[in-house]
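# Chains, contacts and geometry: an overview
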Amino acid sequence: IGHTIDAVPSQNGTLTYTGSEQSPTWNSYNPETMTMGGVTKGTDAGSYNATFTPKEGYTWGDGTNETKTVVWKIGRATIMAVPSQSGALTYTGGAQSPSWSNYDSAKLTLGGTTSGTAAGNYNATFTPKENYQWQDGSVAAKNAAWAIQKAAGTLALSPTSMTCLLYTSPS
């Protein structure tokens, strides 16, 4: 007498990238009636293929006993904010690069204009690395404005000499 397995297992809940190996929990998985194989553990965000095969004496609801492949996923971790310039830069005549708040080089790739010499406004870019995404779910580069301020002006006067020219208007 054969027994019927009512449902092919499916991933229960969601997994998010943590940097550590993870395994999903399964809906409708009974190790007494089926064997699990394929890829059952993963570390990086992405899709993986697990397999489920009925044990002897068991069939799927469609009467077959072939191995079924089930896709399961690990989602990208979320980066909550685009980095921003930390502190101020003032023109010095040499190249300068800003410091960044909320920047983790393990999670983001820095690009765009990352250093400058002249006073003015610049744009760097930050792109999430493979296992990360922005809060809105996107993975495209985002701009981060930064600036070099003008240097304060100086005036030097020498009190030891002074020339005064007087002009008179012709009558």
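### Brief notes about the overall build of the chain
Within the chain, the secondary structure is distributed over 0 helices and 15 strands. For the chain, the spread of C-alpha atoms along the three principal axes comes to 130 × 35 × 20 Å. Relative to its 171 residues, the chain shows a buried fraction of 25%. Nonlocal contacts in the chain, meaning residues at least 24 apart in sequence, comprise 47% of its contacts between residues at least 6 apart. Accessible area for the chain stands at about 11,100 Å²; split by element, carbon and sulfur atoms hold 49% of it. Each charge class in the chain was averaged separately, 9 positive and 10 negative side chains, and the resulting centres sit 15 Å apart.

### Here's the deal with the packing of aromatic side chains
Geometry of an aromatic ring pair is reported as the spacing of the ring centres plus the angle between the planes. Applying the stated criterion across every chain, the model contains 7 aromatic pairs. Measuring from centroid to centroid gives 5.1 Å for tryptophan 26 and phenylalanine 52, while their planes differ by 75 degrees, and the two rings are edge-to-face. One end of the pair, tryptophan 26, is in strand E3 (residues 25-27); the other, phenylalanine 52, is in strand E5 (residues 46-54), with 26 residues separating them in the sequence. With a centroid separation of 4.5 Å and 20 degrees between ring planes, the pair formed by tyrosine 122 and tryptophan 146 is classed as stacked. One end of the pair, tyrosine 122, is in strand E13 (residues 120-128); the other, tryptophan 146, is in strand E15 (residues 142-149), with 24 residues separating them in the sequence. Under the relative-accessibility criterion, tyrosine 122 is labelled buried at 17%. Of the residues examined, tryptophan 146 reaches a relative accessible area of 2% and is grouped as buried. Linked through ring pairs, Trp26, Tyr29 and Phe52 together constitute an aromatic cluster.

### Topic: the environment of glycine 116
As for its position among the elements, glycine 116 is in the loop between strand E12 (108-112) and E13. For glycine 116 and glutamine 96, which are 20 residues apart along the polypeptide, the C-alpha to C-alpha distance reads 5.5 Å. The contacts of glycine 116, once residues within four sequence positions are left out, are Gly94, Ala95, Gln96, Tyr122, Trp146 and Ile148.

### A short note on the sheet that holds E5
A sheet is described by the order of its strands in space; here 3 strands give the open sequence E4-E5-E7, paired in antiparallel fashion. The open sheet terminates on both sides in strands that have one partner only, identified here as strand E4 (34-38) and strand E7 (68-74). The average undirected angle you get between the axes of adjacent strands in this sheet is 30 degrees. Across 5 bridges, the pairing between E4 and E5 is antiparallel. Residue pairing for E5: glycine 38 is matched across the bridge by alanine 50.

### Side note on unusual backbone geometry
Of note in this structure, serine 28 is not a glycine but carries a positive phi near 65 degrees. Summarising the element assignment, serine 28 is placed in the loop between E3 and E4. The phi angle at asparagine 102 is positive, at roughly 65 degrees, despite the residue not being glycine. With respect to the helices and strands, the residue asparagine 102 is situated in the loop between strand E11 (99-101) and E12. Exposure remark for asparagine 102: the relative accessible area of 55% places this residue in the exposed category.

### Some words on the nonpolar core
The biggest cluster of nonpolar side chains holds 26 residues, and the ones touching the most others in it are Phe52, Trp72, Phe126 and Trp146. Counting residues per element, the ones that place at least two in this core are E5, E7, strand E8 (77-79), E13, strand E14 (132-134) and E15. What phenylalanine 52 contacts, discounting residues up to four positions off in sequence, is Pro9, Trp26, Tyr29, Met34, Thr35, Met36, Trp60, Glu66, Thr67, Lys68 and Val70.

Definitions and limits used
- In this numbering scheme, every chain counts its residues from 1 along its sequence in written order.
- Selection of residues for local features in this predicted model requires a pLDDT of at least 70, selection of side-chain atom pairs for listing and counting requires 80 or more, and totals for whole chains, interfaces and linings are taken over all residues.
- With hydrogens and water stripped out, all remaining heavy atoms of the structure feed into the side-chain values.
- To qualify as a helix, a DSSP run of H or I must reach at least 4 residues; to qualify as a strand, a run of E must reach at least 2; elements of each kind are numbered from the N terminus.
- Each residue's exposure class comes from its accessible area (1.4 Å probe, protein chains only) as a fraction of the maximum for that residue type: buried when under 20%, exposed when over 50%, partly exposed otherwise.
- A contact between two residues is defined here by any heavy atoms of the two lying within 4.5 Å.
- Using a 1.4 Å probe, the Shrake-Rupley method yields the accessible areas, and only the shown protein chains count as cover for residues.
- His is not counted here, nor are the chain ends, while Lys and Arg score as positive and Asp and Glu score as negative.
- Charge placement uses NZ in Lys and CZ in Arg. For Asp and Glu, CG and CD serve respectively.
- Centre distance within 6.5 Å is the pairing criterion for rings of Phe, Tyr and Trp, where only the six-membered ring of Trp is used; planes under 30 degrees apart are then read as stacked, over 60 as edge-to-face, and the remainder as tilted.
- Only strands joined by at least two bridges in the DSSP assignment are considered to pair.
- Helix axes use the C-alpha atoms of the stretch in contact, all axes being lines fitted to C-alpha atoms, and the angles between their N-to-C directions lie in the range 0 to 180 degrees.
- We define a nonpolar core as any set of buried Ala, Val, Leu, Ile, Met, Phe, Trp, Tyr and Cys residues linked to one another through side-chain atoms lying within 4.5 Å.

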